[in-house]
Amino acid sequence: MWQAVRSRFDTCKNKISDEPIEDGVRSASSKKIRNEEQNLRGPWYLEGGFLLFWALLFAAVVLPLFYSIPRGLTIEDANKGVFIAERAQNNLYKLAEIGTKVVGSDNNENKTVDYLLGLVSEIQENCLDDYFDVEVDLQVVSGQYIHWTMVNRYQGVQNIVIKLSPKNTTSTTYLLVNSHFDSKPTSPSAGDAGQMIVAMLEVFQVMCTTKQTMRHPVVFLLNGAEENPLQASHGFITQHKWAPYCKVVLNLDAAGNGGKDIVFQTGPNSPWLVETYKSSAKHYLATTMAEEIFQTGILPSDTDFGIFVTYGNLIGLDTAKFINGFAYHTKYDQFSNIPRGSIQNTGDNLLGLVRSITNSTELDNTAAYETGHAIFFDVLGLYFINYTESNGVILNYAVAGVALVLIFLSIWRTASISDVSLGYVLCWFILILVLQIIAFVLGIVVPIVVAYVFDKYGLSLTYFSTPALLVGLYICPSLLGLSLPSYIYLKLQKNHKVAFAQQLQLVLHGHGTVLALLGIGLTVYGLRSAYVSTWTLIFYVIPLAINLLTTLHDRGFSWTGVLKIFQILPFLYNSYLIYCFIVTLIPMMGRFGRGTNPDLIISALCALGTVLALGFVIPLINMFRRPSMILFALLAISAVTMYTASSTQIGFPYRPRTNVQRLPYLHVRRIFYEYDGTVAKDDSGYLFNFQDRRGAAPLSLSTMNMTGLVSIATDCTTVMMCGFPLYDQRWVKNRLQIMWLPREETIVPPSEPKLELLAKTEVGNNTVRLDFRANTTDHASVFIQPYEDVSIVNWTLPLSYIGQQTASHLYFSYGKDNSPLTFSVDFYKPDGDFLVPLGQFGLSNHWIGNIGDAISQAFGKQVPSFAASVDWPALYQRYIF
């Protein structure tokens, strides 16, 4: 690469000798030009102020707008037909006071359901009977479906379903609004998703107590089993009497506490919903880029929205809270973390959407308005832009084409005013373009290299509690990589036929060309997120056109004034967009697992934001007389930050209460039964599923005794499902990273459920049917792995699951109905000999909410204050039948 650059440089340099100028004359002329250009450049002491301006712009504009939330309305405003956050907040307080709401627990199945039904009844009493009909149904539902790599079976989970209909309506198309009230273990669930439940109930109250037009019914689904995962929504959409009439869904969820709500999934193929959001929501926050990232499946999250789309063919909007995701799914997800204004933000948007969609003509026949995907984004929460994907493709190509044309015209103009040939300037531009491609790559790669090195030395997640470290760790290195090639070129080049100001403009043209080509490539690939590069480029094309039309283009550095003004908006938007992702993803990195270096993701994101926000700005440091000072300042900031992150307590990722390390583990007893019923193994210990990259290392800094901790990866290669009670699909997926700490004392679980073989019946064609029953806990799993000469050909589970993986996984949970788990499996064996073992069966039972025996409790007290443990007893029994 560098040889090619050098070759091009030599070729361009040789063109200088095209004109027969005497050496002495050329030397004197060159010196005079250099002196004149030096005088035109800004004084060195303004260099720091130039970059500081952009930093202050971010602090003064982006941060306040990003964190702004509306004033929460009080009960005094109740007669205005608006959302009252105070009323919803009062309900949230009582809901959170119930405590954790795990499916199957008394808190979830009885206390929470009774409390919510009581609120619904109170609201119903005040509804305007002359305008609306209200129906309430408590659904208790059982079913099963394939979720990721497991069969997800549920039994007796509950939904509170409310239908609000305009009086005497004949509409058969409904709007569905959904959220969930159950929780993860230990979580009071004020954020996820108690705040959404109370917002829904407040919208229900405002709707049914306000005189207003309404064409279509709306169904409010308060579902009681989302965390299990996604069971109650599946039960509703596949079995409830109102489900066939629901055509559009507004799904509300949370991965954080407080703040704004982001729309991160839309449609599919229904741009009218995005247009409705634009016209009816009061507080914008949405982006196509979030939708495309979420739908890749790389994030450790899922929502009911996918269930409604997959099993109900619904369309809709998926929204969520995301700020302060550090408390998500922990015991710190508390009422005190939810500002009233945050609830008002949710309620204002939801109420506006419900009113608009229930009066829309599109809801009459949603299929008629399926016109493809939409491209959408908000601008600092102040304005919303949306258009169809097809129009987006046209826009992307048009902007890239116009950019390339204007860049060519600028090159031609530069050649004209410099009194050189067009080929001469093009020759230099090709060299600059190569350097700008290198700069673009360096701007992305240098921060990633920093992330890789830090991780290599066990220093990942240093920014987890101190996000300001990102500036020195990734943003400054990105700026160095982005600016260094152009700085070296402008410092060393000997081209005095083209003025320095014009050469600097060529550098920016190089970056513009890179963005144009990138936009074209992303569009060809089919990514709607190409809009980001397109709109960034638009605000380079406009000032370039103005400069060309006004001849500012030709007058020294005059062209930079217009450019800097127009760069303010893309800087604000791109920094706002990437900051949104940073705020969302940093807490997620604490539950991303041990197998992936999360710093690679965060560094790449910071680098992308830097290149987009400052790509046209950072080369302008060469306008000043000593740009090297800025480069040294960036280098110094990076060096100091890296030392601080690696060698001081500031770089330690975790803090008590606010930025905790997630520490899920099980108190496990394992019993392996042979074919004849004898016990081959009986041991006990603690099974750790560390959620972040640092794993067990931080615990060594505490008094927690982790001596003997080993990986179970070796067992996973020889034993079915590693021989442990892997809790759910996430534990199964992460099993190679799970660790085991044996203990000498036997763990005695609260009970010892058995997997009973009820019957073994030959059904012909070398096939035998085994019928099973197990009186399990409210959360259990069954693993099945036939021997090599045996295969599963049928069972009382989804048939499409057969053959997906070596060991089958049946995940089972129940709510109100604690009837035994029953199922049958048909095994095929070519020789028809069924008097020998056919396969292994693993039964795992989990006592969520149980604190374990005295030894386990003493062990739990060793957990350091910077960690949030989620633990319970579990029993794993391996059978051979």
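Residues numbered from 1 in each chain as written. Predicted model: local features only at pLDDT ≥ 70, side-chain atom pairs only at ≥ 80, totals over all residues. Heavy atoms only, no water.

**Description of unusual backbone geometry**
Heads up, the rule is: Labels follow the DSSP assignment, with helices taken as runs of H or I lasting at least four residues and strands as runs of E lasting at least two, numbered in each case from the N terminus.
Residue A193 follows D192 across a cis peptide bond; omega there is 0°. Within the fold, A193 resides in helix α6 (residues 190–208). Non-glycine residue N313 carries a positive phi angle of around 55°. Here N313 lies in the loop between α10 (304–312) and β7 (315–321). Its identity is not glycine, yet R657 carries a phi of approximately 70°, on the positive side.

**Some points on the environment of T523**
This is how the line gets drawn: A contact between two residues is defined here by any heavy atoms of the two lying within 4.5 Å.
As for its position among the elements, T523 is in helix α15 (residues 500–525). Sequence-wise, T523 and E370 are 153 residues apart; in three dimensions their C-alpha atoms are separated by 21 Å. In this structure, T523 is in contact with V393, N396, Y397 and A530, ignoring residues within four places of it in sequence.

**What about the packing of aromatic side chains?**
Definition in use: Centres within 6.5 Å make a pair out of two Phe, Tyr or Trp rings, where for Trp the six-membered ring is used; the pair is then stacked when the planes are under 30 degrees apart, edge-to-face when over 60, and tilted otherwise. Between buried and exposed lies partly exposed: a residue is buried under 20% and exposed over 50% of the maximum accessible area for its type, with that area taken using a 1.4 Å probe on protein chains only. Criterion for a charge above a ring: Arg CZ or Lys NZ at most 6 Å from the ring centre, at most 35 degrees from the ring normal.
Tallied over the entire structure, the rule returns 53 aromatic pairs. Centre to centre, the rings of Y284 and F384 are 5.3 Å apart; their planes meet at 40°, and the pair counts as tilted. One end of the pair, Y284, is in the loop between α8 (271–280) and α9 (288–294); the other, F384, is in strand β9 (residues 383–388), with 100 residues separating them in the sequence. With centroids separated by 4.5 Å and ring planes inclined at 10°, the aromatic side chains of F377 and Y531 adopt a geometry described as stacked. Here F377, found in strand β8 (residues 374–379), pairs with Y531, found in helix α16 (residues 531–550); they are 154 residues apart in sequence, far enough to count as distant. Y531 carries the same exposure label as F377, and that label is buried. Positioned over the ring face of F724 is R670, at 4.0 Å from the centre of the ring. The positively charged end of R670 is found above the aromatic ring belonging to W740, 5.2 Å away from the centroid.

**Here's the deal with the pattern of salt bridges**
Test applied: Definition used for salt bridges: Asp or Glu carboxyl oxygen within 4 Å of a side-chain nitrogen of Lys or Arg.
Across all of its chains, the model carries 20 salt bridges by this definition. Put simply, K80 and D77 hold a salt bridge, and the shortest N to O gap is 3.0 Å. Since its relative accessible area comes to 55%, K80 is described here as exposed. Residues K829 and D831 are paired through a salt bridge, measuring 2.8 Å at the closest nitrogen-oxygen approach. Taken together, the salt bridges that share partners define one network made up of E291, E292 and R528.

**What to know about the packing of helix α14 (residues 469–492) against helix α18 (residues 598–614)**
The cut-off we apply is this: Lines fitted to C-alpha atoms define the axes here, with helix axes fitted over just the stretch in contact, and angles between the N-to-C directions of these axes take values from 0 to 180 degrees. An angle below 35 degrees is read as roughly parallel, one above 145 as roughly antiparallel, one from 65 to 115 as roughly perpendicular, and any other as oblique. Crossing handedness: left-handed means the near helix sits turned counterclockwise from the far one by under a right angle, and right-handed means the same turn made clockwise.
Closest axis-to-axis distance for the α14/α18 pair is 9 Å, and the angle between their directions is 50°. With respect to α18, the axis of α14 lies oblique. Considering the relative orientation of α14 and α18, their crossing is right-handed. On the side of α14, the interface is formed by L470, Y474, I475, S478, L479 and L482, while α18 contributes D599, I602, S603, C606, A607, T610, V611 and L614.

None of the figures reported here should be taken as evidence of function without further support.
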